[in-house]
Amino acid sequence: MAATSQASISDCQVEEVTQLTDGIYRIQLRLLQPLVHRAGQYLELLLDEGEASPTAVPYTVASAPAALPLLELQIQDLGEGGLASRVIDTFKNQSQVQVRFPQGECYLDQAPQDPSQPIILIGAGTGFSQMKALIEHALAEQMPNPLHLYWGVREAEHLYGHELIEGWQQSHPNFYFHPVVSDPTGDDWSGRIGLVHESVMEDFPSLEQPLIYVCGSPAMVYAVEDDFRERGMGDGQMFSDVYSYAPRS
Ligand SMILES: Cc1cc2nc3c(=O)[nH]c(=O)nc-3n(C[C@H](O)[C@H](O)[C@H](O)COP(=O)(O)OP(=O)(O)OC[C@H]3O[C@@H](n4cnc5c(N)ncnc54)[C@H](O)[C@@H]3O)c2cc1C
């Protein structure tokens, strides 16, 4: 059967559930139908799939298309018995799940025409997941553009994946990592402090040139857009899933 990029329902084998750091889990799935996706897209996990109207919970695919048929997810479960707790329990207790996949218009396919055009990737919390997929794809495709990952978290202990990021830094001179902590506690953090997009504006006084990908809450994404437009960002430069699932009213 030929692989399709049309959103379809597929069964997935649950291969691995690993705790990455406090409250953040990595889920490794194996797609059992021949579907393909673009870096940055998401799937919907179908809970209660036997029932008339299953609950569909969206999660960004943290791996690049080169990893297919494997799909990685990174899920935050604050342990408060919310929807995420139910999702993690499902992955721990079921060997197979159903997903609707692929979804979303926030992706990176090909290198921009101008090889000097910077690509700025801004992830808040587990928004890192989408940026990871985009970076892995850009590096695998040997895109020459400078790639700047700005990762904003509340506390330094919420940064994870150190080995992965160090690997990108060591093997790809066009990759730059900028972690930003908004509310550091004690003296465990000597790096940048504040809102993640403020660091972008410090580093890029003009935002007329870069392509910008942002993953975070709708309030965060729209605040970033407003500030960046004041720095010269034009239409078509910024990409986020928020534009389709939470359009500005
Ligand atoms: C397009 C889309 C992609 C999503 N991807 C993820 C994901 O990769 N990982 C994840 O943990 N949750 C993701 N979510 C949120 C997820 O669908 C559920 O809403 C969440 O797991 C429900 O958890 P909760 O009710 O316990 O807590 P909530 O308070 O609703 O959310 C818990 C955490 O989910 C994370 N989150 C929320 N939206 C996103 C997002 N767009 N991208 C990444 N993280 C987000 C944040 O870290 C938040 O602190 C996504 C939502 C959307 C609309």
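Per an unreviewed UniProt entry, the recorded name for the protein chain is NAD(P)H-flavin reductase, and the organism is Motiliproteus coralliicola. Recorded in UniProt under Sequence similarities (unreviewed entry), the annotation for the protein chain is "Belongs to the Fre/LuxG FAD/NAD(P) flavoprotein oxidoreductase family." Heading Cofactor (unreviewed entry) of the UniProt record for the protein chain holds this comment: "[2Fe-2S] cluster".

**A closer look at the site of the ligand**
If you check the shell around the ligand, you find 16 residues, and the closest are P58, Y59, Q74, Q76 and T126. One of the backbone N or O atoms of P58 is found 2.6 Å from an oxygen atom in the ligand. Measuring from a nitrogen atom of the ligand, one finds a backbone N or O atom of T60 at 3.2 Å. Summarising the interface, the protein chains cover 71% of the accessible area of the ligand, which totals 790 Å² for the free molecule. Looking at the shell around the ligand, the elements with two or more residues in it are β4 (55-60), β5 (70-76) and α1 (83-93). Looking at side-chain class alone, the shell around the ligand contains 9 nonpolar, 7 polar and no charged residues. When residues are assigned to domains, the shell around the ligand turns out to be shared by domain 1 (8-103) and domain 2 (119-245), each giving three or more.

**Quick word on the side chain of H178**
Looking at where H178 falls in the secondary structure, it is placed in strand β9 (residues 175-181). With a relative accessible area of 15%, H178 lands in the buried category. If sequence neighbours within four positions are ignored, H178 has contacts with H148, L149, Y150, W151, R192 and D203.

**Looking at unusual backbone geometry**
With an omega dihedral of 10°, the bond running from L68 to P69 counts as a cis peptide bond. Within the secondary structure layout, P69 lies in the loop between β4 and β5. Look at the link from F101 to P102: it is a cis peptide, with omega at -5°. If you trace the backbone, P102 turns up in strand β6 (residues 96-103). Positive phi, normally seen in glycine, also occurs at Q142, with a value near 55°. Following the sequence through the fold, Q142 ends up in the loop between α2 (128-140) and β8 (147-153).

**Here's the deal with the packing of aromatic side chains**
In this structure the tally under the stated criterion is 7 aromatic pairs. Aromatic side chains W151 and Y160 sit 5.0 Å apart centroid to centroid with 90° between the ring planes, which places their arrangement in the edge-to-face category. Neither W151 nor Y160 differs from the other in exposure class; each is buried. Seen in terms of ring centroids, W168 and F175 are 5.3 Å apart; in terms of plane orientation they differ by 75°. Their pairing is edge-to-face. Here W168 matches F175 in class, with each residue buried. A network of ring pairs unites the aromatic residues F128, W151, Y160, W168 and F175 as a single cluster.

**Here we look at the environment of D11**
Within the secondary structure layout, D11 lies in strand β1 (residues 8-21). Its relative accessible area of 27% is what places D11 among the partly exposed residues. For the pair D11 and M201, spaced 190 residues apart in sequence, the C-alpha to C-alpha distance is 43 Å. For D11, the contacting residues outside a window of four places in its chain are R30, L31, L32, Q33, Q96, V97 and Q98.

**With respect to the packing of α2 against helix α3 (residues 162-171)**
At a closest axis distance of 12 Å, the pairing of α2 and α3 adopts a crossing angle of 30°. Between α2 and α3, the crossing angle belongs to the class labelled roughly parallel. Every pair of crossing elements has a handedness; the one defined by α2 and α3 is left-handed. Of the residues in α3, those touching α2 at F128, K132, I135, E136 and L139 are L164, I165 and W168. In the contact of α2 with α3, the residues fall into 6 nonpolar, no polar and 2 charged.

What counts, and where the lines are drawn
Residues numbered from 1 in each chain as written. Predicted model: local features only at pLDDT ≥ 70, side-chain atom pairs only at ≥ 80, totals over all residues. Heavy atoms only, no water. UniProt positions renumbered as here; feature names shortened; annotations may be inferred. Near = heavy atom within 4 Å. Polar contact = N/O pair within 3.5 Å; in protein donor to acceptor, adjacent residues only side chain to side chain. Areas by Shrake-Rupley, 256 points an atom, 1.4 Å probe, with all protein chains shown as cover. Helix = DSSP H or I, 4+ residues; strand = E, 2+ residues; numbered from the N terminus. Nonpolar A, V, L, I, M, F, W, Y, C, P; charged D, E, K, R; others polar. Domains from an automatic or database assignment. Buried < 20%, exposed > 50% of the residue type's maximum accessible area, 1.4 Å probe, protein only. Contact = heavy atoms within 4.5 Å. Phe/Tyr/Trp six-rings, centres within 6.5 Å; stacked < 30°, edge-to-face > 60°. Axes fitted to C-alpha atoms, helices over the stretch in contact; angles between N-to-C directions. Parallel < 35°, antiparallel > 145°, perpendicular 65-115°, else oblique. Left-handed = near helix turned anticlockwise from the far one by under 90°.

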